[in-house]
Amino acid sequence: MAPDHRLRALTAFDDTKAGVKGLVDAGVTAVPSIFHHAPESFLPMDDVDVPRRFTIPVIDLASGSRAELVAQVRSAAETVGFFQVVNHGVPADLLPDTLACVRRFHESPAEAKAPYYTRDLGRRVRYQSNFDLFQSPAANWRDTLYMDMPAVTTEEMPAACRRVVPEYARLVRELYHALLELLSEALGLDRRYLEQDAACLDGLNFAGHYYPACPEPRLTLGTTRHSDPSFLTVLLQDAIGGLQVLVGGDKEQQAWVEVPAVAGALVVNVGDFLQLVSNDRFKSVEHRVVASSVGPRVSVACFFRTDGAAASTRELAPIVGDGEARYRITTVEELLRHYRAKGLDGTSALQHFRI
Ligand code: OGA
Ligand code: NI
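What counts, and at which threshold
- Residues numbered from 1 in each chain as written.
- Chains lettered and ligands numbered in written order.
- Predicted model: local features only at pLDDT ≥ 70, side-chain atom pairs only at ≥ 80, totals over all residues.
- Heavy atoms only, no water.
- Pairing = 2+ DSSP bridges.
- Helix = DSSP H or I, 4+ residues; strand = E, 2+ residues; numbered from the N terminus.
- Axes fitted to C-alpha atoms, helices over the stretch in contact; angles between N-to-C directions.
- Buried < 20%, exposed > 50% of the residue type's maximum accessible area, 1.4 Å probe, protein only.
- Arc of directions from axis to C-beta.
- Parallel < 35°, antiparallel > 145°, perpendicular 65-115°, else oblique.
- Contact = heavy atoms within 4.5 Å.
- Nonpolar A, V, L, I, M, F, W, Y, C, P; charged D, E, K, R; others polar.

A. Molecular detail of the sheet that holds strand E7 (residues 232-237). Across the sheet, 8 strands lie side by side as E1-E2-E10-E7-E12-E5-E4-E3; this open sheet has mixed pairing. Either end of the sheet is taken by a strand with one partner, and the two such strands are strand E1 (58-60) and strand E3 (125-128). Shown here is a sheet whose adjacent strand axes are inclined to one another by a mean of 25°, direction ignored. Bridging between E1 and strand E2 (residues 82-86) involves 3 bridges; their strand directions are parallel. Residue pairing for E2: Val58 is matched across the bridge by Gln84.

Structure (structure tokens):
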């Protein structure tokens, strides 16, 4: 598609303020071309055998000795970069409640959602389809409600979210602190290290994703392959499935591994900031969400990081030990700015900071 034509199509779509859900409600039976991904963006294909070391472990936070827990977390963070946790401290009924409120927001009338539709990062509640709509080569079959916690007040939240989201965010933050302690120990450091010295700040970007059923799922993606702009991401997914992690190191052995929906579990993954701070010991691994004719799929990603003024002054520096720094020192704000300007284009934002 010619660039000016594409830009007009993107603008027209964005101006509806109704997202992909709006297209589906209008009855589209073909995926519009702004959502078409190039064939190579579906690579590697799904026919590669995956070595066992790349299965995504489920870690029970309430069982085993401290040393065993640290070892399990270390092993996952150093290889696949993903694990699931159970007995994580977030009560079982709060998980479906949180998914339901995100779903309720996205399924409320377009007029009710439109006032929240924005690309202004200064706003603490942002409903939008594709944060990188105007930057990335192809759009994703997904809408998102972002909220910057704890800055956003309960009154600012859409009504559908007020009762549940603050409580969910509070408990996920407690889990984050427990995980930072395990990860600090996994690096051989004092339990409080990542939290206190490495500026793994407390801010949480809540992303309530909605992936409508897609009429032509082979042409597009729910989320393009990417790694996360966070220290850690804690993800809650429903039972539909479709989240896949790229494993296997060098090109020939790479394969997509599904993160199976485990009832009651939360998915945890290492983000770019933690890969940088750990000087590549922990891996911020690429993942994607495939589009599906079954849906909607709902998920909630909590990205631990701090946006805005508080972040700009905080440095991200690799923990070097006896080795050499693999990254130059940067700030959360600089990394985030680079990430957003680039959009989801299949490359890692970390490359820009590598020495
Ligand atoms: C993300 C992400 C996965 C999902 O928001 O960064 O990878 O299952 N989400 O929605
Ligand atoms: Ni992600």
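That was the structure; now back to the text.
B. View of helix H10 (residues 332-342). Turning to H10, its buried residues number three or more, namely Val332, Leu335, Leu336, Tyr339 and Lys342. Taken around the axis of H10, the buried residues stretch over an arc of 135°, which confines them to a single face. In H10, those exposed residues whose orientation departs by more than 90 degrees from the buried face are Arg337 and Ala341. Just downstream of H10, Gly343 is the residue with a positive phi angle, here 75°.

C. Structural detail: the packing of helix H3 (residues 66-78) against helix H6 (residues 165-186). Where H3 contacts H6, the axes come no closer than 9 Å and their chain directions differ by 85°. When the interaxial angle is binned, H3 and H6 end up roughly perpendicular. Residues Arg66, Leu69, Val70, Val73, Arg74 and Ala77 of H3 pack against Glu181, Leu182, Leu183, Glu185 and Ala186 of H6. Looking at the contact of H3 with H6 residue by residue, the classes come out as 7 nonpolar, no polar and 4 charged.

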